[in-house]
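# A look at the structure
So you can see what is in the structure, the chains are spelled out below.
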Amino acid sequence: PPLAWIRGRAALRRRVQPAFEDLRFAEMSVGRPEPEAEASACRADSAGATGSTPDAATTLRGMPVSHGVVEARARVVRTLADAAALESGEVMVAPHTDVGWTPCFTLVAGLVTELGGLLSHGAVVAREYGLPCVVGIANATALVRDGDMVRLDGGAGTLTVLSSRSG
């Protein structure tokens, strides 16, 4: 394809990307996937409302993929651009990761993702870096807030909110 067509296609994708960032889909679907209706409500809660945010000592469960236990502040990172706010020693809570996220792993003390399995990017890289990691915690980016003190147990597959940033 001509270079102008490629540039135009890339510009279009950059313009429409924000409209797709808040869409949530079922983990598995048959046929054409349709966005879940509750996605925007979860995002609204995570943006400032307290309705679905766990109180202190709430435990969220997922799949354990890399052993270790760490207590640290949580950093919710929904997009790679959000990763610029990561500080050393935080637990990164993300919808997923891919190869572009790899430099973030040098900063964090642990990783939680909403999607993934034993061979997903986040799980493999977390094991390589010796970081505790739990995947498959549904709506983690909506339930955990930046600054929450959390305990991540990569062996048990749990993320416990020890204290909320607002509490």
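Preceding block: the structure.
How each quantity is defined
Residues numbered from 1 in each chain as written. Predicted model: local features only at pLDDT ≥ 70, side-chain atom pairs only at ≥ 80, totals over all residues. Heavy atoms only, no water. Helix = DSSP H or I, 4+ residues; strand = E, 2+ residues; numbered from the N terminus. Contact = heavy atoms within 4.5 Å. Areas by Shrake-Rupley, 256 points an atom, 1.4 Å probe, with all protein chains shown as cover. Core = buried A, V, L, I, M, F, W, Y, C linked by side-chain atoms within 4.5 Å. Buried < 20%, exposed > 50% of the residue type's maximum accessible area, 1.4 Å probe, protein only. Patch = residues over 30% accessible without salt bridge, like charges linked within 9 Å, V, L, I, M, F, W, Y side chains within 5 Å. Salt bridge = Lys/Arg side-chain N within 4 Å of Asp/Glu carboxyl O. Pairing = 2+ DSSP bridges. Phe/Tyr/Trp six-rings, centres within 6.5 Å; stacked < 30°, edge-to-face > 60°. Polar contact = N/O pair within 3.5 Å; in protein donor to acceptor, adjacent residues only side chain to side chain.

Counting its regular elements, the protein chain contains four helices and eight strands. Starting at the N terminus and ending at the C terminus, the protein chain contains elements arranged as α-α-β-β-β-β-β-α-β-α-β-β. For the protein chain, restricting intrachain contacts to residue pairs at least 6 apart in sequence, the fraction spanning at least 24 positions comes to 49%. When the accessible surface of the protein chain is split by element, carbon and sulfur atoms take 57% of a total near 9200 Å².

This next bit is on the nonpolar core. With 18 residues, the main nonpolar core has Val91, Val93, Val112, Val144 and Leu159 as its most contacted residues. Listed by contribution, the elements that provide at least two residues to this core are strand E3 (69-76), strand E4 (91-94), helix H4 (140-143), strand E7 (149-153) and strand E8 (158-163). A per-element tally of this core places E3 first, with four residues. For Val91, the contacting residues outside a window of four places in its chain are Val70, Ala72, Arg73, Ala74, Arg75, Gly110, Leu111, Val112, Val150 and Leu152. The next biggest cluster of nonpolar side chains, apart from the first, holds 17 residues, and it includes Val65, Cys104, Val125 and Leu131.

This next bit is on a nonpolar patch on the surface. Taken together, the side chains of Leu12, Val16, Phe20, Leu23 and Phe25 make up a nonpolar region of the molecular surface, amounting to roughly 410 Å² of accessible area. Tracing the backbone shows Phe25 in the loop between helix H1 (3-21) and helix H2 (39-46).

A few words now on the pairing of E3. Where E3 meets E7, five bridges bridge the pair, whose relative direction is antiparallel. Residue pairing for E7: Val69 is matched across the bridge by Asp153. Here three bridges tie E3 to E4, and the two strands are oriented parallel to one another. If you follow Arg75 over to E4, its bridge partner there is Met92.

As a further point, take the packing of aromatic side chains. Under the counting rule described, the total for this entry stands at one aromatic pair. Between Phe105 and Tyr129, the aromatic rings sit 6.2 Å apart at their centres with planes inclined by 45 degrees, giving tilted as the arrangement. Here Phe105 is found in the loop between E4 and strand E5 (110-113), whereas its partner Tyr129 is found in helix H3 (residues 121-129), with 24 residues between them in sequence. A residue is classified by how much of its surface remains accessible, and Phe105, at 1% relative accessible area, is buried.

For Gly147, the location among the structural elements is in the loop between H4 and E7. A sequence separation of 75 residues divides Gly147 from Ala72, and the C-alpha atoms of the two residues are 8.9 Å apart. Discounting residues that sit within four places of it in the chain, Gly147 has contacts with Arg73, Ala74 and Arg165.

Here the focus is the side chain of Asp148. Here Asp148 lies in the loop between H4 and E7. Polar side-chain contacts of Asp148 include one of 3.0 Å to the backbone nitrogen of Arg145. Residues within four places of Asp148 in sequence aside, it is in contact with Ala72, Arg73, Ala74, Val161, Ser163, Ser164 and Arg165.

On to the pattern of salt bridges. On inspection of all chains with the given rule, the structure shows four salt bridges. Across the pair Arg75 and Glu90 runs a salt bridge whose closest N-O atoms are separated by 3.0 Å. Taken together, the residues Arg75 in strand E3 and Glu90 in the loop between E3 and E4 connect sequence positions 15 residues apart. Glu90 shares its class with Arg75; the two are buried. The salt bridge partner of Arg75 is Asp146, with a shortest N-O separation of 3.7 Å. A residue pair is termed long-range when its members are at least 10 positions apart, and Arg75 in strand E3 and Asp146 in the loop between H4 and E7 qualify at 71 residues.

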